[in-house]
Each structure stands twice: as C-alpha cells, then as structure tokens.
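Chain by chain, the residues:
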Amino acid sequence: MSLTAGIIGLPNVGKSTLFNAITKKNILAANYPFATIDPNVGVVTVPDERLQKLEDMYIPERTIPTSFEFTDIAGLVKGASQGEGLGNKFLSYIREVDAICEVVRCFENENIIHVEGNVDPIRDIEIINLELSIADLEIVTNRIDKIKKKAETTKDKEAQEELASLQKAKAALEKNIPLRLVEFTDEEKLSLKSYNFLTIKPMIYLANINENEISKEDNEYVLKVRGYAEAEGAKCVKICAKVESELSELNDDDKKEMLDMLGIQESGLDCLIKETYDLLGLATYFTVGKDECRAWTFRKGMNAKQCAGIIHTDFEKGFIRAEVIKYEDLIQYGSEEKVKEAGKFNLEGKDYLMQDGDICHFRFNL
C-alpha cells in the first residue's frame, strides 16, 4: 500500500534538513531559496515496539517493519499559485501526496535568511495556505465554467451533482477556507476526488525550533502554531530538524543516550511518523513465524479479505478465513498455544473488520 506525506513550507524553514533526518539521505540543504527543485522521495519505517517484542518471541530469520513515503517539496513563496518561484511545478507535486506536513519556522537565527525578512509563523502559514487555496480555486472555477452549461441544459444528474459540489467548494475557497474544513457528504467527496485538491488533504503543522529549546516549554512561536492548528482541528508537532538530523546518524543505544541527555523520551521524528500514520487513517496488522515477522499497513475500515490482498492478490481472490490473535493476548499468555487454550483464538470470515495489532494467518484456496 503506497502512501505519501509531502513536506512543504517557505524556503529556509528546515524542510530539507528534516527530510535528511527522515530518510538518512544526504540531499541538498542550502541557505537560499529553491535549493530543492525536484521532489526527493524517501521511504520511512514506522516505529512500532510491538514488532520488536514479536521478534524477541519468534526469533525469525528476518523482521520487516511497515513503511510509507515522505516527499520533500521545494519551498513555496508568495505568488506560487501564479507561478512565482517555479510555484506551479511545486504545487503539482503536492497534488500527488496523501497528506501534507507543513514546516513552520519557530526559531530565531540571524545567520539563516528568512524569505519574508523576519520570523512570523502565522503569517508564514497563511502565505502557504492562501497559495494552496488560490490554486484550488482556479481549478474549481475553470471546471464550473465547463460543466455548468451541460448541467443546466441536459439535466444530467451526475453533472448537476458535480456542479453543486464544485459550487460549494468555490464558496469556501473564496473565503480562504480550506476544503478539509468543509463538511462534504460522501457523494460530494466522491465527485471531487479526481481533482486532487490541495486544501482537502489532511495537514500536520511542524513547529521547527532551536536545539536549546527542545526540553523547554513551548516558545511564543510554537504556542501560536498550536493555537492555529487547534482552531482548524489539525495536529501540531514540535520538532528540531537539526537535532533530528544528528539523531539519525546514531545507532539505537547512542540515540537513546542522546535523548536522555536532551531530556526527552521520544524523538520528534518518531512522533511525526506516528502522527502522520494516524492522520492518513492507517493501522497495522502482523504476520509472524520462524521465517518472518512482518508489519503490514492497512486503512482503518478494511475487512479481512481486503487485508489479505495487501500481502498478495491471490490471498484475496481465494480467501477462506483469517486466523486472528490479538497482540495483547499473545503478550499476556506468552504463546499461540496458550492463547488457544484460553479461548482467545478467533476464526474470522471475509467481512471481519481488521483491528490495529491483529496477528493474522490467512487461509486461502486458488
């Protein structure tokens, strides 16, 4: 299941440094606008302590965590929707991602140029969000012009429904209200899905701070970002891109020692990855054995048959049943045999809704 979160923001807010840490890739990070032109894509593993415990229990030949993609997209600037700073090209990259992580500068540093001249996180957020809204509004307006006549003259039901959805979207965008905050019906969402609107994508705001503020209370900039995010029902993650870049170079033991020294339990990156995973409506099930322990990503609401298809399409086509053990039960009882003795082993049919942490063995017949 290929899912992507895009990292965006104004130039010089720490996007590429953060991306370096996420993927441990040495991409270009420079102190001037448009250092990143083409999007850099990297696969990141989802931290999950449950998989480590399953590995300790089964001692498999290999252990495979679940993962998804982060895309680093070049810095947007005011006027991007009109093509400023190669804006149209960058906006097209954002359309391809499933969720947006907007990096916001929440630190002072006279040696790092701010494209707007000074640090003001709310202004920066509103510049980015306005450009996304303008780009969406242009698409909506153009489409309305094309479909309106057809909807009115032919009375085509599908065209009328699409027109109504577009007009609802236009009314919101003209007030600079992102489409993710508009209450669309399931039918309206379906009619708008093909447009890949920028402002309909779920958003996380990343408040990038100085390294000397990691273990301190939120500074005034972070508090403003948290307030803005809370007002629109979005998440805010405080992070120091510079420290995360340093942590990414360490092994697990040294990383833990550095986290202890910094006075924090979890790195900002691990928090970001988990929040993004949750934002996309994802969950994890496991397959276990002596040959392999593996985590699999699925969308919440998928049934057992659909989840079997994530492993292989043949599993879905020939699905018979799923043998399911809850992770918590396996840990409590210590082995599959004892779980079965306790009556906690379940045989589930194709319509069973998979739950986060399920440990599964799929039976199928071709």
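A. Highlighting the packing of aromatic side chains. In the structure shown here, the tally under the stated rule is eight aromatic pairs. Measuring from ring centre to ring centre gives 5.8 Å for Y285 and F362, while their planes differ by 85°; the resulting arrangement is edge-to-face. Remark: F362 occurs in strand β12 (residues 358–364) and Y285 occurs in strand β8 (residues 282–287); sequence separation between them is 77 residues. You'll find Y285 and F362 in the same group, each marked buried. Aromatic rings pair up to connect Y285, W296, F298, F319 and F362 into one cluster. Sitting over the ring of W296, R294 keeps its end group 4.0 Å from the ring centre. Above the plane of the ring of F345 lies K340, whose end atom (NZ or CZ) is 4.8 Å from the centre.

B. How the structure looks around the packing of helix α4 (residues 121–154) against helix α5 (residues 157–173). Between α4 and α5, the shortest axis-to-axis distance is 9 Å and the interhelical angle comes to 150°. In terms of orientation, α4 and α5 fall into the roughly antiparallel class. Relative to α5, the crossing made by α4 is left-handed. Residues S133, D136, L137, V140, T141, R143, I144, I147, K148, K150 and A151 of α4 lie in contact with α5, whose contacting residues are A159, Q160, E162, L163, L166, Q167, A169, K170 and L173. When grouped by side-chain class, the residues that make up the contact of α4 with α5 number ten nonpolar, four polar and six charged.

C. Looking closely at the sheet that holds strand β4 (residues 67–72). Taken together, six strands build an open sheet; the order of strands is β2-β4-β1-β5-β6-β7 and the sheet is mixed. The sheet is open, and its two borders are formed by β2 (40–45) and β7 (235–239), each paired with just one other strand. Going across the sheet, the axis of each strand differs from the next one's by a mean of 25°, ignoring polarity. Packed onto the sheet, α4 meets β1 (4–8), β5 (99–105) and β6 (203–208) and runs at close to 145° relative to β5. The strands that helix α10 (residues 268–279) touches are β1, β2, β4, β5, β6 and β7; relative to β7, the one it contacts most, it runs at about 165°.

D. Representation of the layout of surface pockets. Quantified by volume, the largest pocket comes out at close to 1,200 Å³. P47, D48, D252, K255 and D270 are, among the 34 residues lining the largest pocket, the residues nearest its centre. When contributions to the lining of the largest pocket are tallied by element, the ones reaching two or more residues are α1 (15–23), β2, α2 (49–58), α8 (241–247), α9 (252–262) and α10. No other element matches the six residues that α2 contributes to the lining of the largest pocket. Along the lines of polarity and charge, the residues of the lining of the largest pocket split into 13 nonpolar, seven polar and 14 charged. Estimates place the volume of the second largest pocket at around 830 Å³. Of the residues belonging to the lining of the second largest pocket, the class tally is 14 nonpolar, three polar and eleven charged.

E. The arrangement of the pattern of salt bridges in detail. Taken as a whole, this structure holds 21 salt bridges when the rule is applied. Among the salt bridges present, the one from K242 reaches E211, with a minimum N-O distance of 3.2 Å. A residue pair is termed long-range when its members are at least 10 positions apart, and K242 in helix α8 and E211 in the loop between β6 and α7 (220–231) qualify at 31 residues. Residue class for K242 comes out partly exposed when judged on its relative accessible area of 46%. For K235, the salt bridge goes to E275, with nearest N and O atoms at 2.7 Å. With a gap of 40 residues between them, K235 in strand β7 and E275 in helix α10 connect regions that are remote in the sequence. The class for K235 is partly exposed, based on a relative accessible area of 32%. Judged by relative accessible area, which is 22%, E275 ranks as partly exposed. Where salt bridges share partners, they join K235, E275, D278 and K300 into one cluster.

F. Molecular detail of the pairing of β1. Most of β1 sits inside the fold, with five of its five residues counted as buried. Examined bridge by bridge, β1 and β4 share four bridges and lie parallel to one another. The residue bridging G6 from the neighbouring strand is T71, located in β4.

Conventions we followed
Residues numbered from 1 in each chain as written. Predicted model: local features only at pLDDT ≥ 70, side-chain atom pairs only at ≥ 80, totals over all residues. Heavy atoms only, no water. Phe/Tyr/Trp six-rings, centres within 6.5 Å; stacked < 30°, edge-to-face > 60°. Helix = DSSP H or I, 4+ residues; strand = E, 2+ residues; numbered from the N terminus. Buried < 20%, exposed > 50% of the residue type's maximum accessible area, 1.4 Å probe, protein only. Lys NZ or Arg CZ within 6 Å of the ring centre and 35° of its normal. Axes fitted to C-alpha atoms, helices over the stretch in contact; angles between N-to-C directions. Parallel < 35°, antiparallel > 145°, perpendicular 65-115°, else oblique. Left-handed = near helix turned anticlockwise from the far one by under 90°. Contact = heavy atoms within 4.5 Å. Nonpolar A, V, L, I, M, F, W, Y, C, P; charged D, E, K, R; others polar. Pairing = 2+ DSSP bridges. 1 Å grid on protein atoms, 1.4 Å probe; cavity = no way out; pocket = protein on both sides within 12 Å on 5 of 7 lines; lining within 4 Å. Points joined across faces, edges and corners; volume = space filled by probe spheres on them. Salt bridge = Lys/Arg side-chain N within 4 Å of Asp/Glu carboxyl O.

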